[in-house]
Amino acid sequence: MATVFSRIIEGELPGRFVWSDERCVAFLSIAPLRSGHTLVVPREEVDHWTDAADDVLTHLVGVSKQIGAVQRGAFDAPRSGMVIAGFEIPHLHVHVFPAWGMTDFDFALADPDPDPDEMDAAAEMLRRALRDAGYTDRVPD
């Protein structure tokens, strides 16, 4: 059975995509820690990050780094956080989000019902920032 992330990747479920390449995609979390909270997900279904091939994990971290860099500028954040938790969905995913302090890493404070208009605006901010950073070929419309 396909994971919810595979279904999002295949277009069966909606997602606010900000990155897409041959190995992974990135889309906004539906329960963000902060505005712009993005999940970087391999196209291949891998449950645990320690089971991922080294090149897949390296690619995910590289994409996470690029997204984190533009998040800092787009959201005027002093840091960008990155977490691999792995408890929510049995499909490897990297959480990348603007961060102002350690409380921004507390998943108990995630917004379970974010405003759709704010989510759309955050996705567009990230797409624009990624295009401005030179990743136009990786940013979906």
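Residues numbered from 1 in each chain as written. Predicted model: local features only at pLDDT ≥ 70, side-chain atom pairs only at ≥ 80, totals over all residues. Heavy atoms only, no water.

**Q** Lay out the nonpolar core in plain terms, naming residues and giving numbers.
**A** The biggest cluster of nonpolar side chains holds 24 residues, and the ones touching the most others in it are Val18, Trp19, Val40, Leu60, Ile67 and Leu130. Breaking this core down by element, the ones donating at least two residues are β1 (17-20), β2 (24-28), α2 (54-74), β5 (94-99) and α3 (116-132). The element best represented in this core is α3, accounting for 6 residues. When neighbours within four sequence positions are excluded, Val18 is seen to be in contact with Ala26, Phe27, Thr38, Ala123, Leu126, Arg127, Leu130, Arg138, Val139 and Pro140. In this structure, Phe5, Ile8, Phe27 and Val41 belong to the second largest nonpolar core, which totals 9 residues. (Core = buried A, V, L, I, M, F, W, Y, C linked by side-chain atoms within 4.5 Å. Buried < 20%, exposed > 50% of the residue type's maximum accessible area, 1.4 Å probe, protein only. Helix = DSSP H or I, 4+ residues; strand = E, 2+ residues; numbered from the N terminus. Contact = heavy atoms within 4.5 Å.)

**Q** Which residues make up the environment of Asp113, and what values do they have?
**A** By the element assignment, Asp113 lies in the loop between β5 and α3. As a C-alpha pair, Asp113 and Asp76 span 37 residues in sequence and 23 Å in three-dimensional space.

**Q** Tell me about the packing of aromatic side chains, residues and numbers included.
**A** By the definition in use, this model includes 4 aromatic pairs. Ring geometry for Phe5 and Phe27: centres 5.6 Å apart, planes at 65°, overall edge-to-face. Highlighted residues: Phe5 in helix α1 (residues 4-9) and Phe27 in strand β2, separated in sequence by 22 residues. Residue classification places Phe5 among the buried positions, given a relative accessible area of 6%. Judged by centre distance (5.5 Å) and plane angle (70°), the rings of Phe17 and Phe27 are edge-to-face. Taken as a pair, Phe17 in strand β1 and Phe27 in strand β2 lie far apart in primary sequence, 10 residues in all. (Phe/Tyr/Trp six-rings, centres within 6.5 Å; stacked < 30°, edge-to-face > 60°.)

**Q** Could you give an account of the side chain of Thr38, naming the residues involved and the relevant values?
**A** Here Thr38 shows up in strand β3 (residues 38-42). Overall, Thr38 belongs to the buried group, its relative accessible area being 0%. There is a polar contact of 3.4 Å between the side chain of Thr38 and the side chain of Gln71. Not counting chain neighbours up to four residues away, the residues in contact with Thr38 comprise Val18, Ala26, Phe27, Leu28, Ser29, Ile67, Gln71, Val94, His95, Val96 and Leu126. (Polar contact = N/O pair within 3.5 Å; in protein donor to acceptor, adjacent residues only side chain to side chain.)

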